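Overview (structure and organization)
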Amino acid sequence: MIPVIAIDGPSASGKGTVAQRVADALGFYYLDSGSLYRLTALAAFRADIPLDDAKALTALAGNLQIRFENGEILLSDQNVTEDIRSELCGNRASRVAAVPAVRAALLARQRGWRRAPGLVADGRDMATVVFPDAILKVFLTASVEARALRRYNQLKDKGNPANMSDLLRDIAERDLRDQTRAVAPLQKGMGAQLLDTTQLTINQAVDQVLEWAKSALVSSS
Ligand code: CDP
């Protein structure tokens, strides 16, 4: 059985960076499941599909032409790596992600990422829905203020405009939507290890997950 390490958590908790670094350290594949919801949201915007048209969104999600190449993300042969990272796209993604049929349409694509020697997958429902047999489940979180500050620094570093009070409001709104949706809500599932990174550096968070991952790999082999 190909081992999966599932890392779930709220917006801007640092799970993307931690998951990527853990995958690199173990020589595993890395799935950024949020990018699939972001890509669906971007494709819907470009095709003028309203975010409440569940049927059209589902058809779109099932037929996305996506390629992940050398750290770049291509949607229908167009490089959208930067476009999908905007706050607006993240917000639209969380609305698209609340549509149950869209989630179902993206399920097989996510499971297809499970390849030897292993996978680190990050998102909201990696441990609860997509890979319930993951050998390690981590719920990575941090206070809303710490997450808003990280997102602020990330945007500023890239030369993008950022406003702390807007970010605080957006993140709190997104948390609420992700936690209260009917299907696959964001939650710490059974058997998940809680990692609160409010007071931790990225290196400390990576080290902790790697320590857990190594012992999970030993006990599962
Ligand atoms: O970077 P950030 O954590 O803000 O977002 P992301 O991981 O790229 O995900 C964008 C949105 O997709 C989230 O707000 C979720 O609503 C949704 N999502 C989801 O529902 N399930 C996942 N496995 C991953 C993301």
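My aim in this report is to walk through the structure given alongside it, one point at a time. In this text, all values refer to a predicted model and were calculated from it rather than measured experimentally. (Residues numbered from 1 in each chain as written. Predicted model: local features only at pLDDT ≥ 70, side-chain atom pairs only at ≥ 80, totals over all residues. Heavy atoms only, no water.)

The next subject is the overall build of the protein chain. Helix and strand counts for the protein chain stand at 9 helices and 8 strands. In terms of overall dimensions, the protein chain is globule-like: its C-alpha atoms have a radius of gyration of 17 Å, near the 17 Å expected for 221 residues. Buried residues in the protein chain amount to 48% of all 221 residues. Taking the intrachain contacts of the protein chain between residues at least 6 apart in sequence as the baseline, contacts between residues at least 24 apart amount to 75%. Total accessible area on the protein chain is roughly 10700 Å²; 53% of this is exposed by carbon and sulfur atoms. Across the protein chain, the mean location of the 27 positive side-chain charges is 3 Å away from that of the 25 negative side-chain charges. (Helix = DSSP H or I, 4+ residues; strand = E, 2+ residues; numbered from the N terminus. Rg over C-alpha atoms; globule rule 2.2 N^0.38 Å. Buried < 20%, exposed > 50% of the residue type's maximum accessible area, 1.4 Å probe, protein only. Contact = heavy atoms within 4.5 Å. Areas by Shrake-Rupley, 256 points an atom, 1.4 Å probe, with all protein chains shown as cover. Lys, Arg positive; Asp, Glu negative; His and termini not counted. Charge placed at Lys NZ, Arg CZ, Asp CG, Glu CD.)

It is worth spelling out the sheet that holds strand E2 (residues 29-32) at this point. Spatially, 5 strands are ordered E2-E6-E1-E7-E8 in an open sheet, and the strand pairing comes out parallel. The open sheet has two free edges, formed respectively by E2 and strand E8 (193-196), since each of these has just one partner strand. Direction aside, the axes of adjacent strands within the sheet are offset by 20° on average. In this structure, strand E1 (residues 4-8) lies alongside strand E6 (residues 119-123), joined through 5 bridges in parallel fashion. Within E6, the residue paired with Val4 across the bridge is Leu119. Across the sheet, helix H2 (residues 33-46) is in contact with E2 and E6; its angle to E2 comes to roughly 40°. (Pairing = 2+ DSSP bridges. Axes fitted to C-alpha atoms, helices over the stretch in contact; angles between N-to-C directions.)

So, about the environment of Asn160. With respect to the secondary-structure elements, Asn160 resides in the loop between helix H7 (144-157) and helix H8 (164-180). The sequence separation of Asn160 and Ser86 amounts to 74 residues, and the corresponding C-alpha distance is 9.2 Å.

Take the sheet that holds strand E3 (residues 66-69) next. Here 3 strands make up an open sheet; going across it, the order is E3-E4-E5 and the pairing antiparallel. For this open sheet the edge positions go to E3 and strand E5 (78-79), each flanked by a neighbour on one side alone. As paired elements, E3 and strand E4 (residues 72-75) share 4 bridges and run antiparallel to each other. Paired with Phe68 across the bridge in E4 is Ile73. Packing against the sheet, H2 makes contact with E3, E4 and E5, and its axis sits at approximately 40° to E4.

Near the ligand lie 19 residues; those nearest to it are Ser11, Lys15, Arg38, Arg103 and Asp178. Take Arg151: an N or O atom from its side chain is 3.2 Å from an oxygen atom of the ligand. The side chain of Arg181 places a nitrogen or oxygen atom 2.9 Å from an oxygen atom of the ligand. Alone, the ligand offers 530 Å² of accessible surface; in the complex the protein occludes 96% of this. Of all the elements in the fold, those that place two or more residues in the shell around the ligand are H2, helix H4 (87-96) and H8. For the shell around the ligand, a count of residues per class yields 5 nonpolar, 5 polar and 9 charged. (Near = heavy atom within 4 Å. Polar contact = N/O pair within 3.5 Å; in protein donor to acceptor, adjacent residues only side chain to side chain. Nonpolar A, V, L, I, M, F, W, Y, C, P; charged D, E, K, R; others polar.)

The next subject is the nonpolar core. As a rule of thumb, soluble globular proteins bury nonpolar side chains together. Counting residues in hydrophobic clusters, the biggest one holds 25 residues, and the most contacted among them are Leu39, Leu57, Leu64, Leu75, Val80, Ile84 and Val102. When contributions to this core are tallied by element, the ones reaching two or more residues are H2, helix H3 (54-62), E4, H4 and helix H5 (100-111). At 7 residues, the largest contribution of residues to this core is made by H2. Setting aside residues no more than four positions away along its own chain, Leu64 makes contact with Leu36, Leu39, Thr40, Ala43, Leu75 and Arg109. (Core = buried A, V, L, I, M, F, W, Y, C linked by side-chain atoms within 4.5 Å.)

On their own, these measurements won't tell you what the molecule is for.
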